[in-house]
Every structure is written in C-alpha cells, then in structure tokens.
Amino acid sequence: MAQQDGLEPPPNLPEHRTTTTEMGHFCMARCTCGWRGPARRARSQARSDAEQHEGLA
C-alpha cells in the first residue's frame, strides 16, 4: 500500500476504518485505505486526525 500524507482519502475505496498506533512518544492515525496521519505527541490530536479523515470518506 502506498503511503498518503494528506487527509483526503482515495475516491475508489468506499469504507474507511481508522485506528491509532503508538510509536514511542508519538501516536499516529492509520486507515485501511492506506492513509497515515502525521506523528503526534497528543493522542487526542491523532484521534482528531482520524475523525477528520473518516469525515472526508
């Protein structure tokens, strides 16, 4: 899967399921479509990134 840094999901994938993953001191949102949000120190910000991504689906 190709990494995508923007919040815009690909139009050809109808369902998006996001999760957050911790990596050391950082948390990152990821989606089943291959999208990955930026590494954040605040878990709440990573969750917000995921919610924004799902809202664009």
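Being a predicted model, the structure only gives us computed values, none of them experimental.

What counts and how
Residues numbered from 1 in each chain as written. Predicted model: local features only at pLDDT ≥ 70, side-chain atom pairs only at ≥ 80, totals over all residues. Heavy atoms only, no water. Salt bridge = Lys/Arg side-chain N within 4 Å of Asp/Glu carboxyl O. Helix = DSSP H or I, 4+ residues; strand = E, 2+ residues; numbered from the N terminus. Buried < 20%, exposed > 50% of the residue type's maximum accessible area, 1.4 Å probe, protein only. Expected span 1.5 Å × (residues − 1). Arc of directions from axis to C-beta. Contact = heavy atoms within 4.5 Å. Disulfide = S-S within 2.5 Å. Pairing = 2+ DSSP bridges.

Throughout the structure, instances matching the rule amount to two salt bridges. A salt bridge links Arg43 to Glu22, with the shortest nitrogen-to-oxygen separation between them at 2.7 Å. Within this pair, whereas Arg43 is found in helix 1 (residues 43-56), its partner Glu22 is found in strand 1 (residues 18-23), the two being separated by 21 residues in sequence. On the accessibility criterion, Arg43 (48% relative accessible area) is partly exposed.

The next point concerns helix 1. Helix length check: helix 1, at 14 residues, gives a terminal C-alpha distance of 20 Å against a target of 20 Å (1.5 Å per residue), a fit within 8%. Those residues of helix 1 that fall on the buried side of the exposure criterion are Ala46, Asp49, Ala50 and His53. For helix 1, the arc enclosing every buried residue in end-on projection is 95°, short of the 170-degree limit, so these residues lie on one face. Turned more than 90 degrees away from the buried face of helix 1 sit Glu51 and Gly55, all of them exposed. Turning to helix 1, the residues buried within the fold contact strand 1 and strand 2 (26-31).

Our next topic: the environment of Thr19. Within the fold, Thr19 resides in strand 1. Since its relative accessible area comes to 47%, Thr19 is described here as partly exposed. Residues Thr19 and Ala29, spaced ten residues apart in sequence, show a C-alpha to C-alpha distance of 5.7 Å. Ignoring anything within four residues of it in the chain, the contact list for Thr19 reads Met28, Ala29 and Arg30.

To continue, consider the state of the cysteines. Following the criterion strictly, the structure yields zero disulfides and no others. In this structure Cys31 is a free cysteine whose sulfur lies 3.6 Å from that of Cys33, the closest cysteine sulfur available. Of the residues examined, Cys33 reaches a relative accessible area of 6% and is grouped as buried.

Once that is clear, we can look at the pairing of strand 1. For strand 1 and strand 2, the ladder comprises six bridges, and the chain directions are antiparallel. Within strand 2, the position partnered with Thr19 by the bridge is Arg30.

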